[in-house]
Amino acid sequence: MELTLQRVITYLIPYLLGGIGVTLSVSFWALLLGALGGLLLAFLRVYGGRFCKVIMVAFSAVFRAIPQTILLLLLYFVIAGSINISAYWAGTLSLAMISCVYQQEIFRSAIESLDSGQMMAARALGMSQTKAIFAIILPQALRRALPSWTNEVAGVIKASSLVYIIGVVEIMRLAQYEIARSREPFAVYLAVALIYFVCTYAICFILRKVEKRLAIPDIS
């Protein structure tokens, strides 16, 4: 056991950290694109009328009912088959679409938690619905969504490990290379687990600090 821990610390972790840049990059773009799409879908669901609401509910239900690995593979082959892009961007866009569905629910809940009278008051003052959304609803919704969004960040970072199955060279792909070479899966997966734990914990810790600074006083 002592030799295993020594190997994990002195060799495996430094080796696997060679893929941390790709892991964080995939996570960043998936979260950013997912957030933009999720916000759009959330506002369409809340303010887009009955037809939009039905479409958004069905869209969300389908994506949430299918395992992420299956969705990733299906979306990857659809995207890669339609557009000539790299496995990196195909995997990133696939994760972004999956995250978009979950972020839609996060932002929808935040929007619906606001007093509906704010929109009516803004319209009564002569503001258009679009202007009221950007000036009044969106800033409050983002602050209220942050605690749940932090959990989504952790989920996407962990889900980014799935892109190794389509050939993206990140932490898990490097782990597979090392397992094939050394035949020591326990030590390799232990190193992978430690890296993901530290990475996820550190990012979530920072976001919790941001959450406390931006918390709306009347609901803290």
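Since the model is a prediction, treat every value here as computed from it, not as a measurement.

### Re the overall build of the chain
Alright, step 1. Secondary structure summary: the chain contains nine helices and zero strands in total.
Alright, step 2. When the helices and strands of the chain are placed in sequence order, the string is α-α-α-α-α-α-α-α-α.
Alright, step 3. Counting only C-alpha atoms and orienting by the principal axes, one finds that the chain spans roughly 70 × 45 × 25 Å.
Alright, step 4. Looking at the chain residue by residue over its 220 residues, the buried ones come to 40%.
Alright, step 5. The long-range fraction of contacts in the chain, counting pairs at least 24 apart against all pairs at least 6 apart in sequence, stands at 77%.

### Overview of the environment of Ala35
Alright, step 1. Considering the arrangement of structural elements, one finds Ala35 in helix 2 (residues 20–47).
Alright, step 2. Sequence separation between Ala35 and Ile83 is 48 residues; the distance between their C-alpha atoms is 23 Å.

### Considerations on the packing of helix 3 (residues 49–65) against helix 5 (residues 87–112)
A pair of packed helices can be characterised by two numbers: the angle between their axes and the separation between those axes.
Alright, step 1. Viewed as axis vectors pointing N to C, helix 3 and helix 5 meet at an angle of 125 degrees, and their least axial separation amounts to 10 Å. It follows from the interaxial angle that helix 3 and helix 5 lie oblique. Here the hand of the crossing between helix 3 and helix 5 comes out left-handed. Where helix 3 approaches helix 5, its residues Met56, Phe59, Ser60, Phe63 and Arg64 are matched on the opposing element by Met97, Val101, Tyr102, Gln104 and Glu105.
Alright, step 2. Taken together, the residues that form the contact of helix 3 with helix 5 break down as six nonpolar, two polar and two charged.

### Some words on helix 9 (residues 185–214)
Alright, step 1. Here helix 9 is 30 residues long and its end C-alpha atoms lie 43 Å apart, about the 44 Å a rise of 1.5 Å per residue gives.
Alright, step 2. Those residues of helix 9 lying buried are Ala187, Val188, Ala191, Val192, Ile195, Tyr196, Cys199, Thr200, Cys204, Leu207 and Glu211.

Conventions and cut-offs
- Residues numbered from 1 in each chain as written.
- Predicted model: local features only at pLDDT ≥ 70, side-chain atom pairs only at ≥ 80, totals over all residues.
- Heavy atoms only, no water.
- Helix = DSSP H or I, 4+ residues; strand = E, 2+ residues; numbered from the N terminus.
- Buried < 20%, exposed > 50% of the residue type's maximum accessible area, 1.4 Å probe, protein only.
- Contact = heavy atoms within 4.5 Å.
- Axes fitted to C-alpha atoms, helices over the stretch in contact; angles between N-to-C directions.
- Parallel < 35°, antiparallel > 145°, perpendicular 65-115°, else oblique.
- Left-handed = near helix turned anticlockwise from the far one by under 90°.
- Nonpolar A, V, L, I, M, F, W, Y, C, P; charged D, E, K, R; others polar.
- Expected span 1.5 Å × (residues − 1).

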